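Here's the letter readout for the chains.
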Amino acid sequence: MTKLIEGGTVIGFRNNQHVIIPDGQVVYEGNQITFVGRGFEEEAAERVDARGKLVMPGLINHHMAFGVHMQLFRQDAARRNYFTSGIGMGVRPPDADPSVGPTSSDWAASAEYAMATAMRTGSTTFVMVPNYGGHPYRGRVGSDQDLVDMVAAIGMRGYLALPYMSGGVRGKPDGTIEWVKRPEQGWDGFEQAVEFARRFDGAEEGRIRTFLFPYQADNCIPELLKASKEAAAELGCTLKIHVAQYLLEFYEMIGRTAKTPMQFLNDVGFLGPEVSLTHSIFTTSHPWLPYPVWDDTDIEIIADSGATVAHCPVVFARSGVAMHSLSRYVRAGIPVALGTDTTPHDMVMEMRAASLMSKLTDNDSTSGLAREVFDAATLGGARALMRDDIGRLAPGAKADIVIVDLDQTHIGPVAADDPIKALVYCANGDDVDTVIVDGIKRVEDGELLDFDRAALRERAEAFNERLRANVAEAVYQGRPLTEFYEPAFPDWEK
Amino acid sequence: MRTLIQGGWVVGFQNGHHAIIEDGVVVLEDDAVLHVGPSFDGTVDETIDAKGKLVSPGWINIHAVANIDIQTLGLDASQPAFTSPRAYAVDNVGDVEFTGDRLRTSALFSVVELLKGGATTIVEISTMAPSRFEVPRDEAPVLAEVAGELGARIYVSHKFRAGKRYMDDDGVMKYHWDEEAARNAFEYAKSVVEEYEGAYEDRVRTMLFPYQFDACPAELLRDVKIAAREMGVPVHMHTSQSLFEFHDCLRRYNKTPVQLLDSIGFLDERTILTHLIYTTAHPASGFPTGDISDLRLVADRGANVAHCAVVYARHGKILGSFSRYREMGINVPIGTDTFPQDLITEMRWAALACKWTDRDRNRGTAREVFNAVTVDGARALGRDDIGRLAPGAKADVVIVDFTPLHIGPVDDPIKALVYTASGTDIETVIVDGKVVVKEGRVPGVDESELVRKASEAHMWQKGRFVGQNPTGRPAEVLFPSTYEVM
């Protein structure tokens, strides 16, 4: 069945880059795009009038926290010692009962909330990043099949993984931190992850894909990283890892290996075009590190390896931390992808933050170009997933299409000049009007179709309440969290 | 006429600060707040259901662009192509400013957008770049009229200056000075104050606005401040926006801009210095590390610094820092200064940029930026009847819908506002007891038609800039497109 979107400003794809086609047409049949441009005159079973709108490829959320994030609660009122350095976690005593707290249906509500928000605001593909603290992730939202079914029900293109690592970072009540080693846990998790990846890759007509996710560079022994690399090659899947995310990790790795985290991964043989390096903030180029200002060794290592950097500026900007910088990495030849590592899962907000933080860190208005951040949110994400059939509107590509309403007072005049600058600098995820994934319409007139938004909101609120209660109990001996994390304003005195 | 608003989260004002009332109420009577609290027992004529929503005092946009913003044309560009040729600056040949219908479109579009962005009090500034020594003389009257009729609260002014920058035939930037023109415009600016102060049920107020510190002689500024004191209005001025301006002042006067302004008696509680990025405390100023004497002076005199984070972040620059200035005792209200004029996004970037500048996630807090658009904005205008929900205050209210997915479960309504919401979540705006934005739209305005006309005016202005650029470069070089346009 031929479907035609016409009259809008289309972001097409020619000669390996996006192009702007005013009054353009996009035609798709089933889950595939068949025509992009002007002059399509054949019959179409369905015609969508997109006048006053931007018709663009679906955004690829390459590092999506798989749930409602706790960061907002701690925002503005965190402990300084390691939160400021980029890491954000509660100090959970080792004897805390892991069975207390949110149930699997609560965790599912949280994950569904993240996906629904991301899709509503223009993401058509996401890469799942569960908040994972060293205990097995498997079973968090139910069985493996439950997890896949939940993603399938939302309808996004999802990249799923069971994360694993050989230990974890543990904060202790006296404020000190230790890296706990549990190699067997890593191997056990690895086996589960490989089994999961093999079983579900390609499910739901290919909308579900899998990857391997050794969770953090500082918490994976070299042997586990090597085995992951080999397994990924065998499975034909991609790899993701957190690396160079915070200062303590950086110095821990220097102390342990006499290498920067990036050099450590490189020397283990882990890096490569199939690898996504999440955050990669503390490289030798970062001004907070004691390297010469011209030392781009780590950036060169990444660029030479072909690995992608997964960049999540919002979550770090809230901590006063920034990568130096998106443009510097991109212009050194590193593919950069974007992701929403925190609430809200809004890629439009993420693009704006990527742009402004790059400009600020480079002290340069020509850094963090609208072009660079839009490329990152589309082509960069596709490149990280080793795909050339998403992140672009071109014949043969998947019918992942997002339509944004530009005919609004906070966007209009800038859109008349340049629709991508209007998107990056003026629009919000809320301005997304229509989302089509794999040829199926999932959002129309800004609402998720066949979806009970209010019910999900209630479930997510309940999850949040239970999580807070659990954190208060497990971490703060049952004292109210507001004692530790001051609210913006006090409650009204009766 | 009594209206009860049933919140969600009501941001009331108690014991000298904002306080949160979950499921609280606000009762408005005519143009004032009658009651704020957990409940209300009296009778009311009308109820607004704001369950699941944030009921906030109206916000003060201390530096709001009140014409279609040319600055967006320069996004991502290093050298904004807004340079005037000599013929234009010196001989008044050519014309890039809005007049007639375009001026009216520009004013209407701006006020509509500002209201939708949450500004119940608009301190307007119009972009001076396209004009000569002063903005068009009908600009302030048109704005007063448009805002007055739409129901906005606005501070209007006629902007003037003695110097205009242009590029000579060798590409050297120069000032063309005409102090007589500035004096004439200053006289007209005073007549605008006399005519419009208190208009439209006192929703329209005025100020004096010598446009830029570096484009006004010290004697003129001294006289402006004396006149403002006599007339009882605030003075607003762009100050220390660029390093060039900072050093030019040192060369001309052997004083920093702050020192010079202090020496002529310009600094007091009724002065708003916009941006004030470059002071002795700025690391690029060339002054010793730790020299905060300029900031001390501003704090001691009680002068206000208008902070506009987004427009500077777009250039890779930022104040150092919002929280630091505040901790020194300087009042730092917030304004948008560029399109789009969304005060929620502006609050967010004031917070995020401050955290990054200070390497401190506990600075640039939601509390500080929310205070900046409410009580601190009011203080800069010398008022205690706006920026708060308390009995007797003006009935200026913003209601933000917290039900969309991207807001998420709400732990703290102010943090949720600052870090997750945006202007599109603003549902209702009330000024002086009247609803001026309803369900996210301005009643009685055809917004699509307005966007169309505003876009036409914007593109017309772009064409004029290209046509008059002294370098002769084409549009695609001066204002490059993100991607190739087919």
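Residues numbered from 1 in each chain as written. Chains lettered and ligands numbered in written order. Predicted model: local features only at pLDDT ≥ 70, side-chain atom pairs only at ≥ 80, totals over all residues.

## Structural notes on the packing of helix H2 (residues 104–120) of chain A against helix H3 (residues 144–154) of chain A
Residues and elements named next belong to chain A. Note the following rule: Between N-to-C directions, angles span 0 to 180 degrees; the directions come from axes that are lines fitted to C-alpha atoms, helices contributing only their stretch in contact. Each helix is a run of DSSP H or I of at least 4 residues and each strand a run of E of at least 2, with the numbering of both proceeding from the N terminus. Oblique is the label for any angle not under 35 degrees, not over 145, and not in the 65 to 115 range, which are roughly parallel, roughly antiparallel and roughly perpendicular in turn. By definition, any crossing whose near helix is turned counterclockwise from its far helix by less than a right angle is left-handed, and any crossing with a clockwise turn is right-handed. Throughout, a residue-residue contact means that the two C-beta atoms, derived from backbone geometry, are no farther apart than 7 Å.
Direction vectors running N to C along H2 and H3 enclose 30°, while the axes themselves pass 10 Å from each other. Considering their axes alone, H2 and H3 lie roughly parallel with respect to each other. Regarding H2 and H3, the two cross each other, and that crossing is right-handed. Of the residues in H3, those in contact with Ala 108, Ala 111, Glu 112, Met 115, Ala 116 and Met 119 of H2 are Met 150, Val 151 and Ile 154.

## Some remarks on the domain arrangement of chain A
Residue and element names in this part refer to chain A. Put simply, the rule is: An automatic or database domain assignment is the source of the domain bounds shown.
Split by domain assignment, chain A resolves into domain 1 (2–57 + 394–448) and domain 2 (59–384). Taking the mean C-alpha position of each, domain 1 and domain 2 sit 30 Å from one another. Listed as interface residues are 20 residues of domain 1 and, on the opposing side, 24 residues of domain 2. Those elements giving two or more residues to the side of domain 1 that touches domain 2 turn out to be helix H14 (419–425), strand S17 (432–437) and strand S18 (440–444). Sort the elements by how many residues they give to the side of domain 1 that touches domain 2 and H14 lands first, with five residues.

## Some words on the interface of chain A and chain B
The condition is simple: Any two strands with at least two DSSP bridges between them are considered paired.
Taken together, the contact pairs 71 residues of chain A with 73 residues of chain B. For the side of chain A that touches chain B, the element with the most residues is strand S2 (residues 17–29) of chain A, which contributes six residues. Where S2 of chain A and strand S20 (residues 484–485) of chain B come together, two bridges link them in parallel fashion. The residue bridging Ile 20 of chain A from the neighbouring strand is Val 485 of chain B, located in S20 of chain B.

## Observations regarding helix H8 (residues 297–305) of chain A
Counting along an α-helix, one turn takes 3.6 residues, and residues three or four places apart therefore face a common direction. All names here are of chain A. As a reminder, the rule being used: For the exposure call, what matters is how many other C-beta atoms sit within 10 Å of a residue's own: 20 or more marks it buried, 12 or fewer exposed, and in between partly exposed, using C-beta atoms placed from the backbone. This arc corresponds to the set of directions leading from the helix axis out to the C-beta atoms.
Considered for burial, the residues of H8 that qualify are Asp 298, Ile 299, Ile 301 and Ile 302. Projected down its long axis, H8 shows its buried positions confined to an angular sector of 160°, all on one face. The inward-facing, buried residues of H8 contact helix H7 (261–268), strand S13 (275–279), strand S14 (308–311) and helix H10 (326–331). Residue Gly 306 follows H8 closely and has a positive phi angle near 80°.

## Regarding the sheet that holds strand S7 (residues 119–125) of chain B
Pairing between sheet strands relies on hydrogen bonds along the backbone, with the strands arranged either parallel or antiparallel. All names here are of chain B. Here we have four strands laid out as an open sheet, ordered S6-S7-S8-S12, and parallel in their pairing. Where the open sheet ends on each side, the last strands, each with one partner, are strand S6 (59–65) and strand S12 (204–206). On average, each strand axis in the sheet is inclined to that of its neighbour by 20°, with strand direction left out of account. Where S7 and strand S8 (residues 153–156) come together, three bridges link them in parallel fashion. When the bridges of S8 are listed, Thr 121 appears paired with Arg 153.

## Here we look at the environment of Leu 28 of chain B
One can find Leu 28 of chain B in strand S3 (residues 25–29). Residue contacts for Leu 28 of chain B: discarding those within four places in its chain leaves Arg 2, Thr 3, Val 33, Leu 34, Ala 395 and Gly 433 of chain B.

## Concerning the sheet that holds S13 of chain A
Residues and elements named next belong to chain A. Sheet architecture is open: eight strands sit in the order S6-S7-S8-S11-S12-S13-S14-S15, paired in parallel fashion. With one partner strand each, in any of the chains shown, strand S6 (59–65) and strand S15 (336–338) form the two edges of the open sheet. Taken over all neighbouring pairs, the strand axes of this sheet differ in orientation by 30° on average, direction set aside. Relative to S15, S14 is paired through three bridges, and the arrangement is parallel. Within S15, the position partnered with His 311 by the bridge is Leu 338. Of the strands in this sheet, S6, strand S7 (123–129), S14 and S15 are in contact with helix H11 (residues 347–362), which crosses S15 at around 135°.

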